[in-house]
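Chain by chain, the residues:
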Amino acid sequence: IMFEETGPEWLSEEVKTGTTIIAIEYDGGVVLGSDSRVSAGDSVVNRVMNKLSPLHDKIYCALSGSAADAQTIAEIVNYQLDVHSIEIGEDPQVRSAATLVKNISYKYKEELSAHLIVAGWDRRDGGQVFATLKGLLTRQPFAVGGSGSSYVYGFVDAEYRRGMNKQECQQFVVNTLSLAMNRDGSSGGVAYIVTIDKHGTEEKVVLGNQLPTFFDQ
């Protein structure tokens, strides 16, 4: 017996954080940002999921790709970093967190569909941003990812300047997210912003109607 309809299409689609994520270094810290839309096919499954996940006190990751895969990687690395920090008796380095993400991403690259940007602050190297796509590990002054990133590469390349301060980096992140969310059907909702420096972490939510607008809006 063949059933024509087994339920809504989204029930059989993979749930993805069809996403815009971004992180940027400044002198003394980092700023991470993400939209909040989670989709399965054409359906929006969750309008307000926070895709900025803590890996340790001053290290966060931004999630994109399969929601389940990305969340699982973050949870595993969060546990491994807790054990690592107890063993060494101090807070872990950002590079150590990024390396753990990279190792999992590479080992299971055929099974997993996730890209995590890792960013944070440590005493040795200050603010750092790492991309970990498919087991790659590269430190960059800024990184963007997710389905919305293709809409804003030109913007970030043109607008990025070395030496931007914390407030300028926060505005850079919000502007990038707003532009991507306006064009990418898989990005939307609110903007989550996390700023990390030697003093700790600061979390902020920018509601959709508070995001900056541009000429076509």
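- Under an unreviewed UniProt entry, the name given to the protein is Proteasome subunit beta, and the source organism is Neolamprologus brichardi.
- Within the UniProt record for the protein, the comment given under Catalytic activity (unreviewed entry) is "Cleavage of peptide bonds with very broad specificity."

A short note on the side chain of His-56
Okay, so step 1: Within the element layout of this structure, His-56 appears in strand E5 (residues 52-56).
Okay, so step 2: At 3.4 Å, the side chain of His-56 forms a polar contact with the side chain of Ser-85.
Okay, so step 3: Contacts of His-56, omitting those with residues within four sequence positions, involve Asn-78, Leu-81, Asp-82, Ser-85, Asp-91 and Pro-92.

Focus on helix H4 (residues 166-183)
Okay, so step 1: The terminal C-alpha atoms of H4, which comprises 18 residues, lie 26 Å apart, in line with the 26 Å expected from a rise of 1.5 Å per residue.
Okay, so step 2: In the core, the buried residues of H4 are packed alongside strand E1 (21-26), strand E2 (29-34), helix H3 (153-159), strand E11 (191-197) and strand E12 (200-206).
Okay, so step 3: Sitting at the amino-terminal end of H4 is Asn-165, which places a side-chain oxygen 3.2 Å from the backbone nitrogen of Gln-167.

With respect to the environment of Ser-53
Okay, so step 1: When you line up the elements, Ser-53 lands in strand E5.
Okay, so step 2: For the pair Ser-53 and Leu-136, spaced 83 residues apart in sequence, the C-alpha to C-alpha distance is 20 Å.
Okay, so step 3: When neighbours within four sequence positions are excluded, Ser-53 is seen to be in contact with Tyr-60, Cys-61, Leu-63 and Ala-74.

Overview of the nonpolar core
Okay, so step 1: Counting residues in each nonpolar core, the largest one holds 20 residues, and the members touching the most others are Leu-55, Leu-116 and Val-118.
Okay, so step 2: Elements represented by at least two residues in this core include exactly strand E6 (59-65), helix H1 (67-88), helix H2 (94-107) and strand E7 (114-122).
Okay, so step 3: The residues contacting Val-118, other than those within four sequence positions of it, are Leu-55, Ile-59, Tyr-60, Cys-61, Val-94, Ala-97, Ala-98, Val-101, Gln-128, Val-129, Phe-130 and Thr-132.

Looking at the packing of H1 against H2
Okay, so step 1: Contact geometry for H1 and H2: axes closest at 10 Å, N-to-C directions at 135 degrees. Classified by the interaxial angle, the pair formed by H1 and H2 is oblique. Of the two possible hands of crossing, H1 and H2 adopt the one that is right-handed. Seen from H1, the contacting residues are Ile-73, Ile-76, Val-77, Gln-80, Leu-81 and His-84; seen from H2, they are Ser-96, Ala-97, Leu-100, Val-101, Ile-104 and Ser-105.

Some words on the sheet that holds E6
Okay, so step 1: Strands sit in the order E5-E6-E7-E8-E9 across an open sheet of five strands; the sheet is antiparallel. The outermost strands of the open sheet, each flanked by one partner alone, are E5 and strand E9 (138-139).
Okay, so step 2: Two strands pair when backbone bridges link them, and strand E8 (residues 126-131) and E9 are joined in this way by two bridges, in the antiparallel orientation. From the neighbouring strand, Phe-130 faces E9, where its bridge partner is Arg-139.
Okay, so step 3: Across the sheet, H1 is in contact with E5, E6 and E7; its angle to E5 comes to roughly 20 degrees.
Okay, so step 4: Docked against the sheet, H2 engages E5, E6, E7, E8 and E9, running at close to 165 degrees with respect to E7.

Structural notes on the environment of Tyr-79
Okay, so step 1: With respect to the helices, strands and loops of the structure, Tyr-79 is situated in helix H1.
Okay, so step 2: The spatial distance from the C-alpha of Tyr-79 to the C-alpha of Arg-123 is 21 Å, given a sequence separation of 44 residues.

So, the packing of aromatic side chains
Okay, so step 1: One pass over the full model with this rule turns up four aromatic pairs.
Okay, so step 2: Taking 6.1 Å as the distance between ring centres and 70 degrees as the angle between the ring planes, the aromatic pair formed by Phe-142 and Phe-172 counts as edge-to-face. Residue Phe-142 is located in strand E10 (residues 142-145), and its partner Phe-172 is located in helix H4; the two are separated by 30 residues in the primary sequence.
Okay, so step 3: Since its relative accessible area comes to 5%, Phe-172 is described here as buried.
Okay, so step 4: Where Tyr-160 meets Phe-172, the ring centres are 6.4 Å apart and the plane angle is 70 degrees; that geometry is what we call edge-to-face. Of the two residues, Tyr-160 is situated in the loop between H3 and H4 and Phe-172 in helix H4; the sequence distance between them amounts to twelve residues.

So, how was this worked out
Counting from 1, residues in each chain are numbered in the order their sequence is written. Under the rules for a predicted model, residues below a pLDDT of 70 receive no local features and side-chain atom pairs below 80 are neither given nor counted, while totals for whole chains, interfaces and linings still include all residues. Hydrogens and water are ignored here; the side-chain numbers use all heavy atoms of the structure. UniProt positions are given in the numbering used here, feature names are shortened, and annotations may be inferred rather than shown by experiment. Strands are runs of DSSP state E lasting at least 2 residues, helices are runs of H or I lasting at least 4, and numbering of each runs from the N terminus. Here a polar contact is recorded for every N or O atom pair within 3.5 Å, except that within protein the pair must consist of a potential hydrogen donor and a potential acceptor, and residues adjacent in sequence are included only if both atoms are side-chain atoms. Any two residues whose heavy atoms approach within 4.5 Å at even a single point are treated as in contact. Here a helix's expected span is defined as the number of its residues, less one, multiplied by 1.5 Å. Residues grouped as a nonpolar core are buried Ala, Val, Leu, Ile, Met, Phe, Trp, Tyr and Cys residues, joined through side-chain atoms within 4.5 Å. Summary of the burial criterion: residues with accessible area below 20% of their type's maximum are buried, those above 50% are exposed, and those between are partly exposed, where the area comes from a 1.4 Å probe applied to protein chains only. Every angle, taken between N-to-C directions, lies between 0 and 180 degrees, and every axis is a line fitted to C-alpha atoms, over only the stretch in contact when it is a helix. Oblique is the label for any angle not covered by the other classes, which are roughly parallel (under 35 degrees), roughly antiparallel (over 145) and roughly perpendicular (65 to 115). Crossing handedness is read from the near helix: turned anticlockwise from the far helix by less than a right angle, it gives a left-handed crossing, and turned clockwise, a right-handed one. In short, DSSP must find at least two bridges between two strands for them to pair. Each pair of aromatic rings taken from Phe, Tyr and Trp, with Trp reduced to its six-membered ring, is defined by centres within 6.5 Å and is described as stacked if the planes are under 30 degrees apart, edge-to-face if over 60, and tilted in the remaining cases.

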